[in-house]
Amino acid sequence: MPLKNLWHNMNKAEIIYETEKYVQSVLEGDGSGHDWWHIDQVRKHALKIAQAEKDSDQFIVEMAALLHDIADHKAHNGDYEIGEKTAREWLSQFDLDEQQINEIAEIVGNISFSKGGEPMHTKEGMIVQDADRLEALGAIGVARCFAYGGNKQRLIYDPLGRDQSTSIQHFYDKLLKVKDFMNTEMGSRLAKERHQFLESFLEQFYAEWEGNK
Ligand code: NI
């Protein structure tokens, strides 16, 4: 660990760079869909939405996007606080003011869909949450859904409907609902386009399954 005073003289670009390296090292080799490239995608979407949204702090957006899956609760026996705690610990090394740390850590703590969707109360939070939700949609959403299902030993599909934990069932339980939970205008527009792709994917999937294509 470098000397503390070194970390305290960093500018925002350097803090982002150090955080990027840290997140990359922690999530390297993750097979559950929360790998580094997911983080990188979320950051990209988030910065794009942030540019369209007036008065959002890009530094907060980028840092929260980088840290949003840093300690996913699923990997920590359902400890919902672990992400926020880990983010706070990491951020406390830098010369950031308390409000910045609170804003970033709160986004990390509130982002998960499975927590029941407690609404984000900052614009930056809404942006990062939208960016993360986009990842559940479109071709990437489909790929992530089956990668996650495989990681959990789930069936692709059960035509008899006995197995309710298949990857196709996950479309109905979660993915097809995501577009109705978007916070920002741009997020919502992008989500609708990607939602369309989920619908066509399912249509083609069932047609192939029935031998009609
Ligand atoms: Ni995520």
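Our structure's up above, just so we're on the same page.
Residues numbered from 1 in each chain as written. Predicted model: local features only at pLDDT ≥ 70, side-chain atom pairs only at ≥ 80, totals over all residues. Heavy atoms only, no water.

(A) Up close: the coordination of the nickel ion. Those donors, His38 (NE2), His68 (NE2), Asp69 (OD) and Asp132 (OD), are the protein atoms that reach the nickel ion, and they lie 2.1 to 2.3 Å from it. Every donor counted, the four donor atoms about the nickel ion form angles of 79 to 165° at the centre, which fits irregular coordination. All donors of the nickel ion belong to a single chain; written as a sequence motif, their spacing is H-x29-H-D-x62-D. With histidine 38 in helix α3 (residues 36–52) and aspartate 132 in helix α7 (residues 123–134), the pair connects residues that are 94 residues apart, well separated along the chain. The two residues histidine 38 and aspartate 132 agree in class, both being buried. (Donors = N, O, S within 2.8 Å, 3.2 Å for Na, K, Ca; no water. Tetrahedral: all angles 85-135°; square planar, octahedral: opposite > 155°, others 65-115°. Helix = DSSP H or I, 4+ residues; strand = E, 2+ residues; numbered from the N terminus. Buried < 20%, exposed > 50% of the residue type's maximum accessible area, 1.4 Å probe, protein only.)

(B) Up close: the nonpolar core. With 57 residues, the main nonpolar core has Val23, Leu67, Leu91 and Phe171 as its most contacted residues. No other element matches the eight residues that helix α4 (residues 58–67) contributes to this core. (Core = buried A, V, L, I, M, F, W, Y, C linked by side-chain atoms within 4.5 Å.)

(C) Structural view of the environment of glutamine 41. Within the element layout of this structure, glutamine 41 appears in helix α3. Overall, glutamine 41 belongs to the partly exposed group, its relative accessible area being 22%. Sequence separation between glutamine 41 and glutamate 135 is 94 residues; the distance between their C-alpha atoms is 7.8 Å. Ignoring any residue separated from it by four or fewer positions in sequence, one finds glutamine 41 in contact with Glu135 and Ile140. (Contact = heavy atoms within 4.5 Å.)

Functional significance is not addressed by these values, which are geometric in nature.
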